[in-house]
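Take a look at the letters that make up each chain.
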Amino acid sequence: MESIVYNKDCMVGMAEYPDKYFDLAVVDPPYGINLKYNTYDDTEENWYHLMDKFIPEIKRISTMVIMPSCSIKKLGWIYRNHEPDWLINWYKGSTGHSAYVGFNTYEPLLVYGKVKGIFLHDTLKLSNTEKMGNYSHPCPKPIDWYKHFYIKCLPNGGKVIDTFMGSGTSRIAADMTRNIDFVGFELDKDYFDAQELRWKEYKKQLKLF
């Protein structure tokens, strides 16, 4: 199966695909919480601007989209401007993420569209831990997070896209999953290079077995 990645702005890249080209998009955009990126200013204001452009376009090219809500307080704005078809409660367990009155143990995932014939539970219980080695990213998702949705939504395989690939966890998860064609975009050159190194080392390990 194919695995194609681009060091490119995903908004430019998505414009090159026809409607509903991808069966599934599982994406993890910036959260608008002032994390440090080389090529993106992660302010809350910029997040709203990005989502206004991004959500309609990822919905256009994908049959189904799953993405974090990027903090509870943004849900009101999401529902007023880009209402999801469904929410999945990602239960992470005890975390150090601060919330308004304590600590968040869950995160709402936004769902747009649906792959025909599939059914999902509205809660995913999965710890938000990932050993990144030398491929450090400020907000990594576990490999099993991506694999869960690839397997559940595309039991017979299909085309998936990740528009904010970071250090390449989604790419490896897709390769571990049966009959998945993967396309990934990452704007930041440092993260793109890190995922390329990680990918090569992952493929090298496979050859040892």
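Look a little higher up for the structure.
Residues numbered from 1 in each chain as written. Predicted model: local features only at pLDDT ≥ 70, side-chain atom pairs only at ≥ 80, totals over all residues. Heavy atoms only, no water.

1. Topic: the overall build of the chain
No. 1: In terms of regular secondary structure, the chain is built from 6 helices and 8 strands.
No. 2: Shown N-terminal to C-terminal, the secondary structure of the chain runs as helices and strands in the order β-α-β-α-β-α-β-β-β-α-β-α-β-α.
No. 3: A compact globule built from 209 residues should have a C-alpha radius of gyration of about 17 Å, and the chain, at 16 Å, falls within 12% of that.
No. 4: Along the first, second and third principal axes, the C-alpha set of the chain runs to 50 × 40 × 35 Å.
No. 5: Within the span of the chain, comprising 209 residues, buried residues form 48% of the whole.
No. 6: Summing over all exposed atoms, the chain offers an accessible surface of approximately 11,000 Å²; the carbon and sulfur share of this is 52%.
No. 7: Across the chain, 26 positive and 27 negative side-chain charges occur, with their mean positions spaced 5 Å apart. (Helix = DSSP H or I, 4+ residues; strand = E, 2+ residues; numbered from the N terminus. Rg over C-alpha atoms; globule rule 2.2 N^0.38 Å. Buried < 20%, exposed > 50% of the residue type's maximum accessible area, 1.4 Å probe, protein only. Areas by Shrake-Rupley, 256 points an atom, 1.4 Å probe, with all protein chains shown as cover. Lys, Arg positive; Asp, Glu negative; His and termini not counted. Charge placed at Lys NZ, Arg CZ, Asp CG, Glu CD.)

2. With respect to the pattern of salt bridges
No. 1: Using the criterion set out here, one finds 9 salt bridges in the structure.
No. 2: Linking Lys141 and Asp28 is a salt bridge whose minimum nitrogen-to-oxygen distance equals 2.9 Å. Taken together, the positions of Lys141 in the loop between β6 (123-125) and α4 (143-153) and Asp28 in the loop between β2 (22-26) and α2 (44-61) put the pair 113 residues apart, joining distant regions of the chain. Each member of the pair, Lys141 together with Asp28, is buried.
No. 3: For Lys203, the salt bridge is made with Asp175, and the minimal N-O distance between the two is 3.5 Å. Within this pair, whereas Lys203 is found in helix α6 (residues 189-207), its partner Asp175 is found in helix α5 (residues 169-176), the two being separated by 28 residues in sequence. (Salt bridge = Lys/Arg side-chain N within 4 Å of Asp/Glu carboxyl O.)

Taken by themselves, the reported measurements are silent on function.
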